[in-house]
Amino acid sequence: MSEALPFDEYLELPNWRARTVDIEAYKRFWRTTVEDFVGFWEKEARNLEWFRPWDRVLESGEHPFVFKWFVGGLLNISYLCLDRHAKSWRRNKVAYIWEGEPVDGDGRPLSTRKYTYYELYREVNRLAHVFLSLGLRKGDRAAIYLPMIPELPITMLALARIGVIFTVVFSGFSAENLAIRVNDLGAKVLVTADGFYRRGRLINLKEVVDKAVESTDVEKVVVVKRAGNEVSMKEGRDFWLHDLLRTVPENVSVEPEPLDSTHPLYVLYTSGTTGKPKGIIHDTGGYAVLLNSTMKWVFDIRDDDVYFCTADIGWVTGHSYIVFGPLMAGATIVMYEGTPDYPTVERWWQIIERNGVTIFYTTPTAVRMLMRFGNEPVQKHNRSTLRIIHSVGEPINPAAWKWLFEVVGERRCPVGSTWWMTETGGILISHLPGLMLTPLKPGTNGLPLPGIDAEVVDEKGVVAAPGQRGYLVIRKPWPGMLGPPTGMWKEPERYRQVYWEKVNGVFFTGDYAVKDVDGYIWVAGRADEVLKVAGHRIGTYELESVLVSHAAVSEAAVVGVPDEIKGETPVAFVVLKSGYQGGNETAEQLIKYVRETYGAIATPSSILFVSKLPKTRSGKIMRRVLRAVATGGSLGDLTTLEDEAAVDEVKESYEQLLKEVRRGR
Ligand code: WT7
């Protein structure tokens, strides 16, 4: 919090077109929206085109804390993203500008593609036709395992059009992680690609799929040809997309299915503290309303904007703010296949310059990585079109914020840190350049959005004093929240326990936060055993399960240690089975094993071999001890022991473990 100083010099933005208001004015308005949040969201919902209006705005579902928004309303999000624009002057407006990663000798992208709204509409209709002919119907499930290519949003929209519930699995996940998700959802069809490019390397995606589908009930695999790499196609199961499309008439139209507002649009899996990943369900109507409103308030999206979000569609940011949000808004969206440092660290600035990007949505980890290379790679490229910058995924440190503000945005663009999570569906706390811009402060998330009752409280739900750390909670339902029928796919009980029991009756985010005297919220990080590694959410439990599945490992415990660029990285404490030796070679083997079994995003920064894990008498791992040893830090204040251990016991195991780890090095 020492960094939480208001910077008066950032209050006035030259040439800024929105009204900058004082904090109290916003809060007065905000209070009215929260007091009548049902009436407020009903007004917002009227901005969408519904096939049939709702009968009731908000209702309780069959399970506790599963809420139904806009009950009785009928709509289709692919209609809102496509048909509406295809019928308007926007039909020839560019929807997507896509850039592949590989470049030619002059550093120019080897392949780019552009889709107008009408072209996108046509492609989605043709693909929806393909899915129908494969036998998919409303309520069925499909999985998508695609890289950042235009076929990814096209597939999502085509499935949404016919009411098929889909899950997108991040293309960096392993076969194991893919299979877990496909099986949990019960997907019959899987859409994938032959391969793609990442940091100059060709990744063979189909190979991973072949391994994964063995242990699933997937009947059909649709394969997009992206990289042209050699793949094996299993007769009767695998189909090239271009073959399936060959027989589909160019002008085929598939009517958008009129779906209940509460119909699940997709399930997205995310990590929790225990067990398998949680399948977060998002509905259709509430989700569409939240995205439509946040596109205006947070991004101030307008028809002359060129919008570039650097996330991967495999995560919720991409679902909401590369696909459904900006398409509903009729925006021109830049989509990039690869990494920001390929072939050089100028790649994003080139993309911004080449396309005249006006709105830039990125992540703190990437900013910290790019900052290391100084200002020159940025300043070589024209960024005069930029007008709004936001980051997401993890707290942004003031130094990274200032670099975005001063170097990238040339002190012209408001820079924000939008807080939300997979579960919330869309942004809930942010600066609002499109509505009322309150004074900026480097590193804060800002004030809660209209209609969003976000608070910082203690475990009893009592509001924390300004400057005091507490839990971030949402005290009223919001559209876009985890949806019917069960909030979490097939797990209504877990849904209730995880989100509604920690602080009685309010939505528990799992984050620590502080509210300052102005009411600005500063999210500090996770309050549970979940890591944020380069913004990616990874459960320590998941990594521990992977490690103990290795033949050499008897026990494992993973903690997060601070990292200058990634925010946090996993460090694993490992107890080996007898007969196995520690040392560098074993450590490397285990790291490789984690990468292959989980995915590269979870690569531990180090593996420490110990003879036993520090545990309390009741068998709970003393994570505080592990963290102190891993960071070389102190044990901290032992008067607030989180793990019911005696102070002496903690100190003793700390000393012991420290000695052991030092010896091992
Ligand atoms: C967790 C959710 C929301 C899209 C990407 C992440 C952290 C997210 C911020 C921010 C500080 C943030 C929280 C949250 N987080 N945005 N602007 N400032 N922390 O979605 O993978 O579901 O992760 O990311 O810890 O709980 P996710």
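Residues numbered from 1 in each chain as written. Predicted model: local features only at pLDDT ≥ 70, side-chain atom pairs only at ≥ 80, totals over all residues. Heavy atoms only, no water.

Put simply, the rule reads: UniProt positions are given in the numbering used here, feature names are shortened, and annotations may be inferred rather than shown by experiment.
As recorded in an unreviewed UniProt entry, the chain goes by the name Acetate--CoA ligase, listed as coming from Caldiarchaeum subterraneum. UniProt lists a comment for the chain under the heading Sequence similarities (unreviewed entry), and it reads "Belongs to the ATP-dependent AMP-binding enzyme family."

Notes on the packing of helix 18 (residues 623-631) against helix 19 (residues 647-664)
Condition: Between N-to-C directions, angles span 0 to 180 degrees; the directions come from axes that are lines fitted to C-alpha atoms, helices contributing only their stretch in contact. In this text, helices come from DSSP runs of H or I with a minimum length of four residues, and strands from runs of E with a minimum of two, each type numbered from the N-terminal end. In this scheme, a crossing is called left-handed if the near helix is turned counterclockwise away from the far one by less than a right angle; it is called right-handed if the turn is clockwise. For this analysis, residues touch if any pair of their heavy atoms sits within 4.5 Å. Each residue gets one label: Ala, Val, Leu, Ile, Met, Phe, Trp, Tyr, Cys and Pro are nonpolar, Asp, Glu, Lys and Arg are charged, and the others, such as Gly, are polar.
Put simply, helix 18 and helix 19 touch, their axes get as near as 10 Å, and they point 35 degrees apart. Crossing angle aside, the handedness with which helix 18 passes helix 19 is right-handed. Contacts between helix 18 and helix 19 pair Val625, Leu626, Ala628 and Val629 from the former with Val650, Ser653, Tyr654, Leu657, Leu658 and Val661 from the latter. When grouped by side-chain class, the residues that make up the contact of helix 18 with helix 19 number 9 nonpolar, 1 polar and no charged.

Overview of the sheet that holds strand 16 (residues 306-309)
The test is simple: For two strands to pair, DSSP has to find at least two bridges joining them.
Here 7 strands make up an open sheet; going across it, the order is 5-4-17-16-18-19-20 and the pairing mixed. Every other strand in the sheet has two partners, leaving strand 5 (112-116) and strand 20 (415-417) as the edge strands with one partner each. Neighbour-to-neighbour, the strand axes of this sheet turn through a mean angle of 15 degrees, independent of strand direction. Bridge analysis of strand 19 (residues 388-391) against strand 20 gives 3 bridges, and the strand direction is parallel. What sits directly across from isoleucine 389, in strand 20, is valine 415.

Structural notes on the side chain of threonine 155
Test applied: The cut-offs for exposure are 20% and 50% of the maximum accessible area for each residue type, with area from a 1.4 Å probe on protein chains only; residues under the lower value are buried, those over the upper are exposed, and the others partly exposed.
Following the sequence through the fold, threonine 155 ends up in helix 5 (residues 151-161). According to the relative accessible area criterion, threonine 155 is buried, its value standing at 2%. Residue contacts for threonine 155: discarding those within four places in its chain leaves Leu127, Phe131, Ile144, Leu146 and Val191.

Structural notes on the site of the ligand
What counts here: Only heavy atoms are used to decide nearness, and a residue is near a molecule or strand if one of them lies within 4 Å of it. Polar contacts here mean pairs of N or O atoms no more than 3.5 Å apart (in protein, one a potential hydrogen donor and the other a potential acceptor; neighbouring residues in sequence count only if both atoms are side-chain atoms). To measure how exposed things are, a 1.4 Å probe is used in the Shrake-Rupley method; for residues, cover is taken only from the protein chains shown.
Taken together, 18 residues are adjacent to the ligand, and Thr422, Asp511, Arg526, Lys532 and Arg537 come closest. Within the backbone of glutamate 394, one N or O atom sits 3.3 Å away from a nitrogen atom of the ligand. Within the side chain of asparagine 445, one N or O atom sits 3.1 Å away from a nitrogen atom of the ligand. When isolated, the ligand has an accessible area of 560 Å², and the protein chains bury 96% of it. Among the elements of the structure, helix 10 (316-328) and strand 24 (521-526) are those that each provide at least two residues to the shell around the ligand. Its residues assigned to classes, the shell around the ligand shows 7 nonpolar, 6 polar and 5 charged.

As for the sheet that holds strand 29 (residues 606-609)
In sheet architecture, strand pairing relies on hydrogen bonds along the backbone and comes in two forms, parallel and antiparallel. Strand order in the open sheet made by the 3 strands is 27-28-29, with mixed pairing throughout. Strand pairing shows two members of the sheet lacking a second neighbour, strand 27 (553-563) and strand 29, which therefore form its edges. Strand after strand, the sheet turns through a mean of 25 degrees between neighbouring axes, direction not considered. Relative to strand 28 (residues 567-576), strand 27 is paired through 10 bridges, and the arrangement is antiparallel. Across the sheet, residue glycine 560 finds its bridge partner in strand 28, namely proline 570.

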